[in-house]
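Breakdown of the fold
Spelled out from the first residue to the last, the chains are:
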Amino acid sequence: MRHVLITLTSCALLGGAGMAQAKELQANDRYVCSWGAGTAARAQELKLSGVSLYAARQKIQTYKFSKGWMRMMALGITEQTYDSASRIRPEALRKSFYEDCVRYRLARR
């Protein structure tokens with residue numbers, strides 16, 4: 001009887017944890033995470049191809065952004081990417097950045 005109670009309790013806790021992680025992100029949150037992941041991947045491509053941080057910043061300044069916060073965010077993401085010693089492929093960085101961003105956004109709820 002005690003084993004059944006322990007099993008049912010653990011299943012209930014696991015189910016509750018699964019439901020907490022199954023929260024849906026708002027469309028805006030998904031957009032921000034996707035945009036940031038793309039920005040990080042582009043910065044990593046530039047870094048791996050030997051482009052200097054100064055040149056990468058200049059390139060970002062020429063982009064047209066649809067929202068006011070995007071330029072500063074892109075500069076920040078680029079600087080963090082260049083500061084990192086990571087040599088990870090841009091595709092893997094994009095995926096990692098997106099997953100971490102989604103995890104962060106869900107945790108903030």
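Here's a quick rundown of the structure. (Residues numbered from 1 in each chain as written. Predicted model: local features only at pLDDT ≥ 70, side-chain atom pairs only at ≥ 80, totals over all residues. Heavy atoms only, no water.)

What follows deals with the state of the cysteines. By the definition in use, this model includes one disulfide. Across the disulfide from Cys33 sits Cys101; the S-S distance is 2.0 Å. Between Cys33 and Cys101, the S-S dihedral sits near -75 degrees, and the bridge is therefore left-handed. Here the residue Cys33 occupies a position in helix 2 (residues 27-48), and Cys101 occupies one in helix 5 (residues 90-107), the gap between them amounting to 68 residues. Judged on exposure class, the residue Cys33 and its partner Cys101 are both buried. (Disulfide = S-S within 2.5 Å. Helix = DSSP H or I, 4+ residues; strand = E, 2+ residues; numbered from the N terminus. Buried < 20%, exposed > 50% of the residue type's maximum accessible area, 1.4 Å probe, protein only.)

Moving on: the nonpolar core. In this structure, Trp35, Ala40, Ile60, Met70, Ala74, Leu75, Ile77 and Leu93 together form the largest nonpolar core, which totals eight residues. Contributions of two or more residues to this core are made by helix 2 and helix 4 (70-83). Considering every element that reaches this core, the biggest residue donor is helix 4, with four residues. In this structure, Leu75 is in contact with Arg57, Ile60 and Gln61, ignoring residues within four places of it in sequence. (Core = buried A, V, L, I, M, F, W, Y, C linked by side-chain atoms within 4.5 Å. Contact = heavy atoms within 4.5 Å.)

Taken together, Tyr31, Trp69 and Met73 make up a surface patch of nonpolar side chains, about 280 Å² in accessible area. Within the fold, Met73 resides in helix 4. (Patch = residues over 30% accessible without salt bridge, like charges linked within 9 Å, V, L, I, M, F, W, Y side chains within 5 Å. Areas by Shrake-Rupley, 256 points an atom, 1.4 Å probe, with all protein chains shown as cover. Salt bridge = Lys/Arg side-chain N within 4 Å of Asp/Glu carboxyl O.)

Another point: the packing of aromatic side chains. Two aromatic rings are characterised by how far apart their centres lie and by the angle between their planes. Taken as a whole and assessed by the stated rule, the structure comprises three aromatic pairs. Ring centres of Trp35 and Phe65 lie 6.4 Å apart, and the angle between their planes is 75 degrees; on these two criteria the pair is classed as edge-to-face. Highlighted residues: Trp35 in helix 2 and Phe65 in the loop between helix 3 (53-62) and helix 4, separated in sequence by 30 residues. Judged by relative accessible area, which is 23%, Phe65 ranks as partly exposed. Both rings, one in Trp35 and one in Trp69, keep their centres 5.3 Å apart while their planes meet at 80 degrees; by these two values the pair is edge-to-face. On the criterion of sequence distance, the pair formed by Trp35 in helix 2 and Trp69 in the loop between helix 3 and helix 4 is long-range, its members being 34 residues apart. Feature note: the residues Trp35, Tyr63, Phe65 and Trp69 constitute an aromatic cluster, connected by ring pairs. (Phe/Tyr/Trp six-rings, centres within 6.5 Å; stacked < 30°, edge-to-face > 60°.)

This next bit is on helix 4. Taking 1.5 Å of rise per residue, the 14 residues of helix 4 would be expected to cover 20 Å, and the 20 Å separating its terminal C-alpha atoms lies within 8% of that figure. Taken as a whole, helix 4 has its buried residues at Met70, Ala74, Leu75, Ile77, Thr78, Thr81 and Tyr82. Along the long axis of helix 4, the arc covered by the buried residues comes to 165 degrees, so they all point the same way. Exposed and facing more than 90 degrees away from the buried side of helix 4 are Met72, Gln80 and Asp83. Tucked into the core, helix 4 has its buried residues touching helix 2, helix 3 and helix 5. (Expected span 1.5 Å × (residues − 1). Arc of directions from axis to C-beta.)

None of the figures reported here should be taken as evidence of function without further support.
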